[in-house]
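Structural features, examined
If you want the building blocks of each chain, they are given just below.
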Amino acid sequence: MAALRRLLFTNVRNVQSVSPMSLSIRAYHEKVIDHYENPRNVGTLDKKSKTVGTGLVGAPACGDVMRLQIEVGDDGKIVDAKFKTFGCGSAIASSSLATEWIKGKSVGEAATIKNTHIAKELSLPPVKLHCSMLAEDAIKAAIKDYAVKQESLE
């Protein structure tokens, strides 16, 4: 958090008196900062495993790229989830939150998670909604990859 504060206020440190109303700095919500500084479930799973689904999505407009993986147990519940994201703090926070939420859920339950749920939880501003959309798309892509692998087993 201190690093982010330094980054945000670097340009105003030499100003003698700055009132809060005179600053027009947009800051991340504390939940975004928490997930950015302490991301949950960063890593990779074995993409060759038949129990692992991998979703890779990107937003060409901003350059964010998100890979989200799920590992599904014999009971159809997601036993593990990992992500790697190249992007802004909101994209990383959206991925981190998504992996937390889908662990322990059935594949069907995980598919019901919407970007609006993620955006609301992280208090994302409208300009950052695409980050939560990427997370939703990554979940769906991982589920689809898992389903295709399961069909090939039959």
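Report follows, based on the coordinates.

Cut-offs and rules
Residues numbered from 1 in each chain as written. Predicted model: local features only at pLDDT ≥ 70, side-chain atom pairs only at ≥ 80, totals over all residues. Heavy atoms only, no water. Helix = DSSP H or I, 4+ residues; strand = E, 2+ residues; numbered from the N terminus. Buried < 20%, exposed > 50% of the residue type's maximum accessible area, 1.4 Å probe, protein only. Areas by Shrake-Rupley, 256 points an atom, 1.4 Å probe, with all protein chains shown as cover. Patch = residues over 30% accessible without salt bridge, like charges linked within 9 Å, V, L, I, M, F, W, Y side chains within 5 Å. Salt bridge = Lys/Arg side-chain N within 4 Å of Asp/Glu carboxyl O. Core = buried A, V, L, I, M, F, W, Y, C linked by side-chain atoms within 4.5 Å. Contact = heavy atoms within 4.5 Å.

1. Remarks on the overall build of the protein chain
- Looking only at helices and strands, the protein chain features six helices and three strands.
- Ordered by position in the sequence, the α and β elements of the protein chain form the string α-α-β-β-β-α-α-α-α.
- When burial is assessed residue by residue, the protein chain has 37% of its 154 residues classed as buried.
- Accessible surface computed for the protein chain: about 9,000 Å², of which carbon and sulfur atoms make up 55%.

2. Side note on a nonpolar patch on the surface
- Side chains of L56, V65 and F86 sit close together on the surface and give an oily, nonpolar patch of about 340 Å² of accessible area.
- Structurally, V65 can be placed in strand β2 (residues 64-72).

3. Remarks on the pattern of salt bridges
- Tallied over the full model, the rule gives six salt bridges.
- The residue D34 makes a salt bridge to R40 at a minimum N-O spacing of 2.7 Å.
- The partly exposed category is assigned to R40, whose relative accessible area is 23%.
- Through salt bridges with shared partners, a single ionic network connects D34, R40 and E100.

4. Some remarks on the nonpolar core
- By size, the foremost hydrophobic cluster in this structure holds 27 residues, and its most contacted members are L68, I70, I102, I118, L122 and I139.
- Listing elements by their share of this core, those giving two or more residues are β1 (52-59), β2, β3 (78-86), α3 (89-102), α4 (107-110), α5 (115-122) and α6 (129-153).
- The leading source of residues in this core is α6, at seven residues.

5. Here's the deal with the environment of I139
- Tracing the chain through its elements places I139 in helix α6.
- Residue I139 is classed as buried on the basis of its relative accessible area, which comes to 2%.
- Along the sequence, I139 and I70 sit 69 residues apart, while their C-alpha atoms lie 8.3 Å from each other.
- Beyond its immediate stretch of four places on either side in the chain, I139 contacts L68, A98, I102, A110 and I113.

Limitation: the analysis is restricted to geometry and does not speak to function.
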